[in-house]
Amino acid sequence: MTTLGAVFRPQLPPERLRGLALAAEDAGLEELWLWEDCFLASGIATASAALAWTRELRVGVGLLPVPLRNVALTAMEAATLHRLFPGRALLGVGHGVQDWMGQVGARAESPVTLLREYLQALRALLRGETVTTDGRYVRLDRVALDWPPTAPAPVYAGAVGPRSVRLTGEAADGTVLDAGVSADGVRRARELIEEGRAAAGRTGPHPVVVYVHAATGPGADARLAAELKRSGAAGRALGAAGGAERVAAEVRRLAEAGADTVVLQPTADEPDPEGFVRFVAERVRPLVP
């Protein structure tokens, strides 16, 4: 069964999150995803608040930019969320937008090397291991969490380029793909992920989360077109606009291509964010197997 989620975009002020999270839970939405985009809102702070305000809603953060965050701090925060809200937190890490990383003096010369070292250390810390490593970017000396998660805490990684997508299969527990990926792109990503998993000798499930542009209500087609233009994807056949059936058809295409979770991403100018999450849960969900 395909998991369905929606995004709370950080272009909204943080004080809007409570009402939207409650609307999502009341409507039966499975997952609400948040972003840690510079310089809008903290992913961990918003995730912890959304989890505390709700009882069953799963909350994902996709993504936490690794150049911005010491891996020990991310491990501490992740472990705390997993212990406070067992089974409900979904955390992903990624390269971060390189221009933003440059603005804060954290841009890495080799983002792939950094992400590999970070994933290895983060996953080990969350398993309760004592970690000593002296990598190019990640350096830890006998670091262990006093309060590691009491159950497995999967770490997702986001990627765009082929080397990074392959790395997510090698070193992460799941992959997050952005809304610029078509159904064919999801199929290719699955191939790269499996290459990485095979190279690392990994078995077992590896969930793939895919964002997709979506718009509904008045002016949906125009708002989607403007969103694609803003994101540099003008002219590409991405996303869906219109009623529940049109949006659900795009979700089904992505699921057939290999997405385990599809997260509907509203436009930056969505006029009714709370209505959008209700639309996803109440009208699109019944049309997605």
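Up top you'll find the structure we're talking about.
Notes on the structure in this doc start here. What you see as residue numbers is a count from 1 along each chain, following the sequence as written. Side-chain atom pairs in this predicted model are given and counted only at pLDDT of 80 or more, local residue features only at pLDDT of at least 70, and totals for whole chains, interfaces and linings cover all residues. Computation of side-chain values covers all heavy atoms of the structure but excludes hydrogens and water.

Here we take up the overall build of the protein. When helices and strands are tallied, the protein shows 10 helices and 11 strands. Computation of the radius of gyration draws on C-alpha atoms, with the globule rule given as 2.2 Å multiplied by the number of residues to the power 0.38. Here the C-alpha radius of gyration of the protein, 18 Å, is about what a compact globule of 289 residues would show, namely 19 Å. Oriented by its inertia axes, the alpha-carbon framework of the protein measures out at about 55 × 40 × 40 Å. Looking at the protein as a whole, 55% of its 289 residues are labelled buried. Sequence-distant contacts in the protein: of pairs separated by 6 or more residues, those separated by 24 or more amount to 73%. In short, Shrake-Rupley with a 1.4 Å probe defines the accessible areas, and a residue's cover is counted only from the protein chains shown. Carbon and sulfur atoms make up 52% of the accessible area of the protein, which totals about 12,700 Å². If you average the places of the 32 positive and of the 34 negative side-chain charges in the protein, the two averages end up 2 Å apart. Runs of E in the DSSP output that reach at least two residues are strands. Runs of H or I that reach at least four are helices, and both are numbered from the N terminus. Type-normalised accessible area, obtained with a 1.4 Å probe on protein chains alone, sets the label of each residue: buried when under 20%, exposed when over 50%, and partly exposed for intermediate values. Between two residues, a contact is recorded if the distance between any of their heavy atoms is within 4.5 Å. Under this rule, positive means Lys or Arg and negative means Asp or Glu; His and the chain ends count for nothing. Where a charge lies is defined by one atom per residue type: Lys uses NZ, Arg uses CZ, Asp uses CG and Glu uses CD.

Listed in full, the buried residues belonging to helix α2 (residues 43-53) are Gly43, Ile44, Thr46, Ala47, Ala50 and Leu51. The buried residues of α2 occupy an angular sector of 165° when projected down its axis, which confines them to one face. Buried residues along α2 sit against α1 (17-27), β2 (31-34), β3 (58-65), α3 (71-84) and β4 (89-94). In protein, a polar contact requires one atom able to donate a hydrogen and another able to accept it; more generally it is a pair of N or O atoms within 3.5 Å, and residues adjacent in sequence count only if both atoms are side-chain atoms. Where α2 begins, one side-chain oxygen reaches toward the backbone nitrogen of Ile44, 3.4 Å away; that side chain belongs to Ser42. The arc in question is the one traced by the directions running from the helix axis out to the C-beta atoms.

Let us look at the pattern of salt bridges. Proximity of charged atoms lets side chains of opposite charge pair with each other. Definition used for salt bridges: Asp or Glu carboxyl oxygen within 4 Å of a side-chain nitrogen of Lys or Arg. This structure, assessed with the given rule, holds 24 salt bridges. Ionic pairing is found between Glu274 and Arg16, a salt bridge with its closest N-O pair at 3.0 Å. Residue Glu274 is located in helix α10 (residues 273-284), and its partner Arg16 is located in the loop between β1 (3-7) and α1; the two are separated by 258 residues in the primary sequence. For Glu274, a relative accessible area of 17% gives the class buried. For Arg16, a relative accessible area of 30% corresponds to the partly exposed category. We note a salt bridge from Arg246 to Asp221, for which the minimum N-O separation is 3.3 Å.

A few words now on the packing of helix α7 (residues 183-200) against helix α9 (residues 244-257). Relative orientation of the contacting elements α7 and α9 amounts to 20°, with a least axis distance of 8 Å. When the axes of α7 and α9 are compared, the pair comes out roughly parallel. Remark: the crossing between α7 and α9 carries right-handed chirality. On α9, the residues that touch Ala183, Val186, Arg187 and Arg190 of α7 are Arg253, Leu254 and Ala257. Class assignment for the residues of the contact of α7 with α9 results in 4 nonpolar, no polar and 3 charged. Structural elements are reduced to axes, namely lines fitted to C-alpha atoms, with helices fitted over the stretch in contact, and the angle between N-to-C directions of any two is expressed from 0 to 180 degrees. Roughly parallel refers to an angle under 35 degrees, roughly antiparallel to one over 145, roughly perpendicular to one between 65 and 115, and oblique to any angle outside these ranges. Left-handed describes a crossing whose near helix is turned anticlockwise from the far helix by less than a right angle; the clockwise case is right-handed. When residue character is reported, Ala, Val, Leu, Ile, Met, Phe, Trp, Tyr, Cys and Pro are called nonpolar, Asp, Glu, Lys and Arg charged, and the others, Gly included, polar.

Within this scheme, the nonpolar core is defined by two criteria: the residues are buried Ala, Val, Leu, Ile, Met, Phe, Trp, Tyr or Cys, and they are joined through side-chain atoms within 4.5 Å. Residues Leu29, Leu32, Val93, Leu264 and Val284 are the most contacted members of the largest nonpolar core, which totals 83 residues. Beyond its immediate stretch of four places on either side in the chain, Val284 contacts Leu4, Ala244, Val247, Ala248, Leu264 and Phe279. The next biggest cluster of nonpolar side chains, apart from the first, holds 10 residues, and it includes Trp35, Val209, Tyr211 and Val263.

Here the focus is the environment of Glu256. Note that Glu256 resides in helix α9. Taking the C-alpha atoms as reference, Glu256 lies 8.2 Å from Ala183; in sequence the two are 73 residues apart.

Take the pairing of β1 next. Most of β1 sits inside the fold, with 5 of its 5 residues counted as buried. The pairing of β1 with strand β11 (residues 261-266) spans 4 bridges and is classified as parallel. Looking across to β11, one finds that Ala6 is bridged to Leu264. Inspection of the sheet shows β1 paired to β2 by 3 bridges, in the parallel sense. Residue pairing for β2: Val7 is matched across the bridge by Trp33. Handedness of the crossover is the feature at issue here: the chain leaves β1, passes through α1, returns alongside β2, and the resulting connection is right-handed. The pairing criterion is simple: DSSP has to find at least two bridges between the two strands. A clockwise path from the first strand over the helix to the second, with the strands pointing away from the viewer, defines a right-handed crossover.

Attention now goes to the pairing of β3. Regular strands have side chains that alternate between both faces of the sheet. Burial runs high along β3: 6 of the 8 residues are buried. In this region the chain leaves β2, passes through α2 and returns to the parallel neighbour β3; the handedness of that crossover is right-handed. Read from β3 through α3 to β4, the crossover connection turns out right-handed.

The next subject is unusual backbone geometry. A negative phi holds for most residues other than glycine; trans holds for most peptide bonds. Residues Cys38 and Phe39 are joined by a peptide bond in cis, for which omega reads 0°. In this fold, Phe39 is placed in the loop between β2 and α2. Backbone torsion omega between Gly62 and Leu63 reads 25°, so that peptide bond is classified as cis. Its place among the elements puts Leu63 in strand β3.

By themselves these figures say nothing about function.
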